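Understanding the architecture of this molecule
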Amino acid sequence: MNDLSDLYQEIIMDHRRNPRNEGLPKDHTHTADGFNPFCGDKVSVAVKIEDGSIADVGFKGEGCAISMASASLMTETVSGKSVDDATASFEAFRTLLTDGVGDNSEDLDIGDAGALAGVRAYPTRIKCAILSWHTFKSALDNEAAPVTTE
Ligand code: ZN
């Protein structure tokens, strides 16, 4: 169990240090901003949807390690997927963090983002971890209003 936690820790720190898809694609078709008032995390997500798929996705933001690592993991998870599959990944990630599904995160189509399952034990950190995912979902829905985890 400890080895597993260490591995998860490593994935999270790697994404914190070397964020994937940082920066907003210039030719994006959908965008949204998110804010987590409990921690001060801010994130913008921009998506380019082409033929019903996530052709490009990027984020920009500032916040705690969990929020930024999660944003990086989110972009990696949804990139290249169909909008439907990406939405399913969002739902799976939210379920993982809120309801908990044991440690069968490999059953969920969320890849390395399963490493964030550990934040479930810390309710305030769940908001940090889920912010970018909610913002991504909001971008897909092309909602103009800023997202808040409140
Ligand atoms: Zn945070």
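Check the entry above for the structure.
This write-up is about the structure you can find in this document. Residue positions are given per chain, counting from 1 as you read along its sequence in written order. This being a predicted model, a pLDDT of at least 70 is required before a residue's local features are given, and a value of 80 or more before pairs of side-chain atoms are given or counted; all residues contribute to the totals for chains, interfaces and linings. Side-chain numbers come from the whole structure's heavy atoms, not from hydrogens or water.

1. Notes on the coordination of the zinc ion
Bound to the zinc ion on the protein side are C39 (SG), D41 (OD), D41 (OD), C64 (SG) and C128 (SG), at distances that span 2.1 to 2.7 Å. Mapped onto the sequence, the donors of the zinc ion take the spacing C-x1-D-x22-C-x63-C. Here the residue D41 occupies a position in strand β2 (residues 41-50), and C128 occupies one in helix α4 (residues 123-140), the gap between them amounting to 87 residues. Taken as a pair, D41 and C128 share a single burial class, namely buried. Think of the donor list as every N, O and S atom within 2.8 Å of the metal, or within 3.2 Å for Na, K and Ca; water never makes the list, so a site can look incomplete. Helix numbering and strand numbering both begin at the N terminus, where a helix is a DSSP run of H or I of at least 4 residues and a strand a DSSP run of E of at least 2. Residue burial is assigned from relative accessible area. The probe radius is 1.4 Å, only protein chains are included, and a residue is buried under 20% of its type maximum, exposed over 50%, and partly exposed in between.

2. Digging into the pairing of strand β3 (residues 53-62)
Bridge analysis of β2 against β3 gives 9 bridges, and the strand direction is antiparallel. Across the sheet, the residue bridging to I49 is I54, located in β3. One bridge is not enough; two strands pair if DSSP finds at least two bridges between them.

3. Examining the layout of surface pockets
In the cavity and pocket records, a cavity denotes points on a 1 Å grid over the protein atoms alone where a 1.4 Å probe fits but cannot get out, a pocket denotes an open set with protein on both sides within 12 Å along at least 5 of 7 lines, and lining residues are residues with an atom within 4 Å of a point. Grid points are joined across faces, edges and corners, and a volume is the space filled by probe spheres set on the points. In this structure, the largest pocket occupies an estimated 280 Å³ of space. Looking at the largest pocket, the residues that line it are S5, Y8, Q9, I12, M13, A65, I66, A115, G118, V119, Y122 and R125. The dominant element in the lining of the largest pocket, judged by the number of residues it contributes, is helix α1 (residues 2-17), at 5 residues. Considered class by class, the residues forming the lining of the largest pocket number 8 nonpolar, 3 polar and 1 charged. Under the convention adopted here, Pro, Cys and the residues Ala, Val, Leu, Ile, Met, Phe, Trp and Tyr are nonpolar, Asp, Glu, Lys and Arg are charged, and Gly plus all remaining residues are polar.

4. Concerning the pattern of salt bridges
The term salt bridge refers to a pairing of a side-chain nitrogen on Lys or Arg with a carboxyl oxygen on Asp or Glu at a separation within 4 Å. Applying the stated criterion to the full structure yields 6 salt bridges. A salt bridge links K48 to E50; the nearest nitrogen and oxygen atoms lie 3.4 Å apart. Residue classification places K48 among the buried positions, given a relative accessible area of 18%. Two residues, E91 and R94, come together in a salt bridge whose shortest N-O distance is 2.7 Å. Taken as a pair, E91 and R94 lie in helix α3 (residues 83-98) at a separation of 3 residues, close to a single helical turn. A relative accessible area of 31% places E91 in the partly exposed class. Classification of R94 by relative accessible area gives partly exposed; the value is 30%. Connected through salt bridges with shared partners, the residues D14, R20 and E76 form a single ionic network.

5. Observations concerning helix α2 (residues 65-78)
Helix length check: α2, at 14 residues, gives a terminal C-alpha distance of 20 Å against a target of 20 Å (1.5 Å per residue), a fit within 8%. Taking burial as the measure, the 14 residues of α2 include 12 buried ones, the bulk of the element. Along α2, the positions that sit buried rather than exposed are I66, S67, M68, A69, S70, A71, S72, L73, M74, T75, T77 and V78. Where α2 terminates, the next one or two residues include G80, which has phi positive at roughly 85°. Every helix has an expected span of 1.5 Å times one less than the residues it contains.

6. Comments concerning the environment of K26
Its location among the elements puts K26 in the loop between α1 and β1 (30-36). Sequence spacing of K26 and D56 is 30 residues, and the spatial spacing of their C-alpha atoms is 9.8 Å.

7. Concerning the side chain of S70
Note that S70 resides in helix α2. Whether two residues are in contact is decided by their heavy atoms: any pair within 4.5 Å suffices. Setting aside residues no more than four positions away along its own chain, S70 makes contact with F93, L116, A129, S132 and W133.

8. Digging into the nonpolar core
If you look at the biggest cluster of nonpolar residues, it comprises 39 residues, and the most contacted ones within it are V45, V47, I66, F93 and F136. Here this core gets 9 residues from one element, more than from any other, and that element is α4. Ignoring anything within four residues of it in the chain, the contact list for V45 reads L24, H30, T31, A32, V57, G58, F59, M74, S132, T135, F136 and A139. What is meant by a nonpolar core is a set of buried Ala, Val, Leu, Ile, Met, Phe, Trp, Tyr and Cys residues, joined one to another through side-chain atoms within 4.5 Å.

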